[in-house]
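Below are the chains, spelled out letter by letter.
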Amino acid sequence: MAPKHDILIVDDEPIVVLSAQRTLVPAGLSVDHAGTVAEGLSKADSQGFNLVLADLMLPDHSGFDLVTELRRLRPELPIVVVTGYATLESAITCFKTGVFDFVAKPFETGELLGSVQRALRFQAAGKTSESHFEATDNNIEYYGLGKHVQVRVQPSGLAVVTLGVTFPHFMGKTLRIELPESGTTILQGNACAKIINREGEIHIVRAPLTGSVLEINSQLPGNMKLLDIDPFNRGWLVRMAPTQLKSELQHLTGFARC
Amino acid sequence: MRKNIGLKLMLAVSSVTVATIAIFSYIIITSQHQALINQVEYNADRLSETIKGSTKYDMLLNQREGVHRIIDSIGEQKGIEKVRIFNKEGKIIYSSDKGEIGQLLDKEAESCYACHRADEVLEKLTITERTRVFEPSGNGSKSLGIINPIYNEAGCWQADCHAHAKDKKVLGVLDVTMSLAEVENQIAANEFKMVLLTISAIAATSLLIWWLVQSLVGKPVSQLVQGINMVAIGRLDYKIGKIKDGELAYLGDSFNKMTARLADAQRQLYHSEKLASLGRLAAGVAHEINNPLTGVLAYSSFLLKRLEGDGESKEDLEVIVRETKRCRDIVKGLLDFSRQAPQKKHNLQINEVILNTLAILQNQFAIKGIDVVKKLSPDLPAVYVDSGSMQQVFTNLLVNAIDAIGKTAGQIIIETKNEGGDGQPAVRISVSDTGSGIDKKHFDKIFDPFFSTKGQKGTGLGLAVVWGVIEEHGGKIDVKSEVGKGTNFLISLPVTAAAGNNSLSDLMKDERVGS
C-alpha cells in the first residue's frame, strides 16, 4: 500500500511539529502528526509511513513504549527519536530496540534533514546490514550504538570509533567533516563528529562511549571518500580513552562481521 | 564563667585552709594551754613544798610570827595570789590575806572539796587531784590553787607546845593560789597569731589561685571563647593562638583542627550542593526550554533561507541563529554535567586503575615525547571505588598534563603512597607535570564546572568531573602549581571499612584515634 504520507511525527508540542513540517515539506516530504502514543500507534498501524519521528516525552505514555510497540508492529519502519538532552540517556537506550537515529532538540534544520534523509535512503536501499550480525558473547568484534556508530576496544582499553553501517553511501555528497579537538571529553550520545553534505544536511555521529579524545583521524578532512570506501578501517573517526567502559557497554550491542 | 571558676576555687581552698588551721590551732593551743598549766602547777607545787619546808622549823618551835613572815613575804611575790594554811577543822590559821585569818572554811569550798568530796576523807592525793583551776569572784582571770596536806610526824606531837595529838594523820593544809593571768595572756597572744596566720594564708592562697586561674584557665578560656564566638559568626578560618601546655592546649589544638575540618566539610558541602542544585535546575530548565528553542532555531533558519538576497537582514538573522545555537550549547553543557553514570564501587588496587589509564594513553605520551615516571607503592591497601570514575579522574588529569606540557617534551610523575598518618588511613595519589602551570588566581575556580583555561577547546568540565568523583568517594583533591614550572594534583582516597581489609579491632582503634 502506498503511504499517504512519508513521515509521521509523534509529538505533543505544536512548535516542534510545525518546525519539523516546515523543515521537511520543502524537501519534498509529506508529513502527518500525532499528539499521543495511542494516536501515533493507530496512525502508524493503519496508514503506513516511510519513517516515524518520535518524541520520548508524550502525555499518555512514555515514548519508549511507542518505540518498542512500533518495532513490534512495523519492524521495517525506521524510527528517528527526536528528544531533548534531558532524555539523552533514554535516547541512547532506544538504540538497542533498533531505533535508526536520534535528533536532539533543539535541532538545526540540517540535523533533522540529515537523519531523516539518511534513514529514507537506507530504507529505500532495502539495506539490512547483511555483512554484520549481532554477536554472541564469544565472537564480539566491535560494539555499536545500534547500527549508528561502531567502536573497537583494544586490549589496552583504547577505543577506536568508526561510522556505523547506516552512514556510508547514505550521506549524499559529503562536503566536510567536523571532528572534536583532541583532549576534549565527550559523553556517550553527544556528537563526536559532524558530516555536512552539499545539500546542507548535517549527519551527526554520536559518541558510543564517554571518554577523552586522544587522537582524531587527520586524513579525513582532506579525504572524505575514506568514509565510503573504507569506513571501518582507514576511515576511523577518533581514538578515545573511555572512562565508563563497563557501565556504558550495556547500552551497546556486540557485533561480529562475517 | 572565669569568675565563677576562680571564686569557687578560692572559696573551696579557703574553707579547707580555715578548717585545717582551726584544727591545728585548737590542738596546738590546747596542748600549749595544758603545758603552761602544768608548768604553773609544777611551780605552785614546788613553791608549796618550799613554804612547807621553810615554815616547818617555825612550826615545830611554834614560832607563829616566823610563819606569818614567810607566808607574807612569799604572798607578795608576783603571780602569787594567796598563801594560806588551815587546820583540819577548816579554820584559816595563816594567810597572806590578813582579813581571812580565823575564818572557818566550809568543806564544800573549792580548796577543801578535793579531799572531802567523798564521805570518807582522803589523805593521800596526786598532784593533779590537789590542783584546782577556778575563777575567784570579781576577778576576770582564772586562778590555779594547789593544796598541800601537812602530815603529822614525830616532831609535831613531841613538840613542847603539844598542839597536835599523835593519832592525827593530817594536821592541816597549805593552800597556794597562783594567778593564771600570765598564762591566759600568752594563750590569747598565741590565738591572735593563729588567726593572723589563717587570714594571711587565705589571702595568699586566694591570690595564688586567682593568678593561676587567670593565667592557666582565664586567658586560655577567653581565647577559646573568642574562637567559639568567631566560629559562631561564621569565621571558620579563625585559629586560636598558641596555648602554653596542658589540657587546654590540647583543647585549643583540637578546636583548631575541628574548625579546619569544619571549613573543609563546609567547602565540600557547598561545592556538592552547588553541583546538585545545578544539576536539578539544568534538567528542569532544559526540558522546558528545548521546545521553544526548537521553534526559534527552526524559524530563524527558515527566515534566513528566505532572505538569502537581503544582506543586512541575513546578517541579523545569522546572529539570531548563532546565539540560539549558543543557548542550546549552554543547556547541553549543563545537562552533560548533570548526567553522571551510576557508580559501582568495588575493592580495588588503585595502581591497577592507574596502569590501565597509562596503557590507554601510552601512544599519546610517545607522540608528544613525554616521559612518564611511575612511583607506585607496591603495598597499598585496597580502596572502595568505582573503577570507571577513577579512570576518568586519571584520564582527565593526565590529558590535562599532556596539554599543559604541549609540544615541548616534558615529564609526568605519577606516584602512589600508603598514608596511615593522622587517624584515617588513606591512599595518596600525586600526578605532577612539568607543563605550563596554573595561575594562582585560578585555583579557586579550576574545579568549577564550565571554567576552562583552554579557551574554545576545553569544555570546562574535566576538573569539575574529577572533583565530583573524588568527593563522591569521600576523598580530597588539592592542587599545587607554579606558572612555568608545572602542576601537581594531590588526591587522597580514604581506606574505609567497606574496603574490607579492616578488622573490627582496627576500626575501633581508628575510632579512638579519631576521637
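Fair warning: this is a prediction, and the values are worked out from it, not measured in the lab.

Novice: Where do I start with the overall build of chain A in this structure?
Specialist: Of regular secondary structure, chain A possesses seven helices and 16 strands. Classification of the 258 residues of chain A by burial places 52% in the buried group. The contacts in chain A between residues at least 6 apart in sequence include a share of 66% that link residues at least 24 apart.

Novice: When you look at the overall build of chain B in this model, what are you seeing that I'm missing?
Specialist: Helix and strand counts for chain B come out as 12 helices and 12 strands. Restricting the contact set of chain B to residue pairs at least 6 apart, pairs at least 24 apart contribute 65%.

Novice: Looking at this structure, I do not really get the sheet that holds strand β7 (residues 370–376) of chain B. What am I missing?
Specialist: Working definition: the strands of a sheet are paired by backbone hydrogen bonds and lie parallel or antiparallel to each other. Residue and element names in this part refer to chain B. The strand order across the open sheet built from five strands is β7-β9-β10-β12-β11, with neighbouring strands paired in mixed fashion. Single-partner strands in this sheet number two, and they are β7 and β11 (476–482). Each strand axis lies, on average, 10° off the axis of its neighbour in the sheet, ignoring direction. Two strands pair when backbone bridges link them, and β7 and strand β9 (residues 410–419) are joined in this way by seven bridges, in the parallel orientation. Each bridged residue has a counterpart across the sheet, and for Lys374 the counterpart in β9 is Ile414. Lying over the sheet, helix α9 (residues 350–368) contacts β7, β9, β10 (426–433) and β12 (486–494), oriented at roughly 165° with respect to β7.

Novice: Is there a simple way to explain the pairing of strand β15 (residues 238–242) of chain A in this structure?
Specialist: Successive residues of a regular strand alternate their side chains across the two faces of the sheet. Residue and element names in this part refer to chain A. Among the five residues in β15, five count as buried, and that is most of the element. The pairing of strand β14 (residues 211–216) with β15 spans five bridges and is classified as antiparallel. Along β15, the bridge assignment pairs Ser212 with Ala241.

Novice: When you look at unusual backbone geometry in this model, what are you seeing that I'm missing?
Specialist: Most of the time, phi is negative for any residue but glycine, and the peptide bond is trans. The amide bond that connects Lys105(A) to the next residue, Pro106(A), takes the cis arrangement and shows omega of -5°. Topologically, Pro106(A) is positioned in the loop between β5 (101–105) and α5 (109–124). In the Ramachandran plot, His169(A) falls in the positive-phi region, its phi being about 75° despite a non-glycine side chain. You can see His169(A) is positioned in the loop between β9 (159–163) and β10 (174–178). With phi around 55°, Asn62(B) is a residue other than glycine that occupies positive phi space. Its location among the elements puts Asn62(B) in the loop between α1 (2–60) and α2 (64–75).

Novice: I would appreciate a short explanation of the interface of chain A and chain B in the present structure.
Specialist: The parts lose accessible area when they come together, and the size of an interface is often stated as this lost area. Between chain A and chain B, the contact holds 35 residues from the first and 41 residues from the second. Within the residue set of the side of chain A that touches chain B, elements represented by two or more residues are α1 (14–24), α4 (88–94), β14 and α7 (245–249) of chain A. Here the side of chain A that touches chain B takes five residues from α1(A), the largest share from any one element.

Novice: I would appreciate a short explanation of the environment of Gln244(A) in the present structure.
Specialist: Examined against the element boundaries, Gln244(A) turns out to sit in the loop between β15 and α7. It is 9.2 Å that separates the C-alpha atoms of Gln244(A) and Gln188(A), two residues lying 56 residues apart in sequence.

Novice: Help me understand the sheet that holds strand β12 (residues 191–197) of chain A in this model?
Specialist: Residues and elements named next belong to chain A. Strand order across the open sheet formed by three strands is β10-β12-β13, with antiparallel pairing between neighbours. Each edge of the open sheet is held by one strand with a lone partner, namely β10 and β13 (202–206). Averaged over all pairs of adjacent strands, the angle between strand axes in this sheet comes to 20°, irrespective of strand direction. By the bridge criterion, four bridges tie β10 to β12 in an arrangement that is antiparallel.

Novice: Would you explain the environment of Leu249(A) in this entry?
Specialist: Residue position: Leu249(A) is located in helix α7. Between the C-alpha atom of Leu249(A) and that of Leu145(A), which follows or precedes it by 104 residues, the distance is 9.4 Å.

Novice: How should I be thinking about the packing of helix α10 (residues 387–405) of chain B against helix α11 (residues 462–472) of chain B in this particular structure?
Specialist: Residues and elements named next belong to chain B. Contact geometry of α10 with α11 gives a least axis separation of 9 Å together with a crossing angle of 145°. Relative to α11, α10 is oriented so that their crossing is left-handed. On α11, the residues that touch Ser389, Met390, Gln392, Val393, Asn396, Leu397 and Asn400 of α10 are Gly462, Leu463, Val465, Val466, Val469 and Ile470. When the residues that make up the contact of α10 with α11 are grouped by side-chain class, the tally is eight nonpolar, five polar and no charged.

Novice: Any chance you could explain the nonpolar core here in plain terms?
Specialist: The nonpolar side chains of a soluble globular protein tend to be buried, and buried together. In this structure, Val52(A), Leu53(A), Val80(A), Val81(A) and Val161(A) are the most contacted members of the largest nonpolar core, which totals 119 residues. A per-element tally of this core places α10(B) first, with 10 residues. Sequence-distant contacts of Val52(A), defined by excluding residues within four places in its chain, comprise Leu8(A), Val10(A), Ala44(A), Leu70(A), Leu77(A) and Ile79(A). Counting residues in each nonpolar core, the second largest holds 22 residues, with Phe86(B), Ile147(B), Ile150(B) and Met178(B) among its members.

Novice: I would appreciate a short explanation of the confidence of the model for chain B in the present structure.
Specialist: As a general rule, the predicted coordinates of low-pLDDT regions are not to be interpreted in detail. Residue and element names in this part refer to chain B. For chain B, mean pLDDT is 80; residues scoring 70 or higher make up 88% of the total. Confidence drops under pLDDT 50 across residues 498–515; counting only partners more than four residues distant or on other chains, this segment forms 15 contacts. Predicted as a complex, the structure gets a pTM of 0.57 and an ipTM equal to 0.86.

Novice: Sorry if this is basic, but what is going on with the packing of helix α2 (residues 37–47) of chain A against helix α3 (residues 63–73) of chain A here?
Specialist: Helices that pack against each other are described as a pair by the angle of their axes relative to one another and the distance between those axes. Residues and elements named next belong to chain A. Direction vectors running N to C along α2 and α3 enclose 15°, while the axes themselves pass 10 Å from each other. When the axis of α2 is compared with that of α3, the two are roughly parallel. α3 is crossed by α2, and the crossing has right-handed handedness. Where α2 abuts α3, its residues Val37, Gly40, Leu41, Ala44 and Asp45 lie against Asp65, Leu66, Glu69, Leu70 and Leu73. Taken together, the residues of the contact of α2 with α3 break down into six nonpolar, one polar and three charged.

Novice: Before we go on, may I ask you to explain α11(B) in this structure?
Specialist: Since the α-helix packs 3.6 residues into each turn, any two residues three or four apart lie on the same face. Burial runs high along α11(B): nine of the 11 residues are buried. Three or more residues of α11(B) are buried, namely Gly462(B), Leu463(B), Ala464(B), Val465(B), Val466(B), Trp467(B), Gly468(B), Val469(B) and Ile470(B).

Novice: When you look at α1(A) in this model, what are you seeing that I'm missing?
Specialist: Among the residues of α1(A), Val16(A), Val17(A), Ser19(A), Ala20(A), Thr23(A) and Leu24(A) are the ones counted as buried. Looking down the long axis of α1(A), one finds its buried residues gathered within 165° of arc, a one-sided arrangement.

About the criteria used
- Residues numbered from 1 in each chain as written.
- Chains lettered and ligands numbered in written order.
- Predicted model: local features only at pLDDT ≥ 70, side-chain atom pairs only at ≥ 80, totals over all residues.
- Helix = DSSP H or I, 4+ residues; strand = E, 2+ residues; numbered from the N terminus.
- Buried ≥ 20, exposed ≤ 12 C-beta atoms within 10 Å, placed from the backbone.
- Contact = placed C-beta atoms within 7 Å.
- Pairing = 2+ DSSP bridges.
- Axes fitted to C-alpha atoms, helices over the stretch in contact; angles between N-to-C directions.
- Left-handed = near helix turned anticlockwise from the far one by under 90°.
- Nonpolar A, V, L, I, M, F, W, Y, C, P; charged D, E, K, R; others polar.
- Core = buried A, V, L, I, M, F, W, Y, C linked by C-beta atoms within 7 Å.
- pLDDT = per-residue confidence, 0-100.
- Parallel < 35°, antiparallel > 145°, perpendicular 65-115°, else oblique.
- Arc of directions from axis to C-beta.

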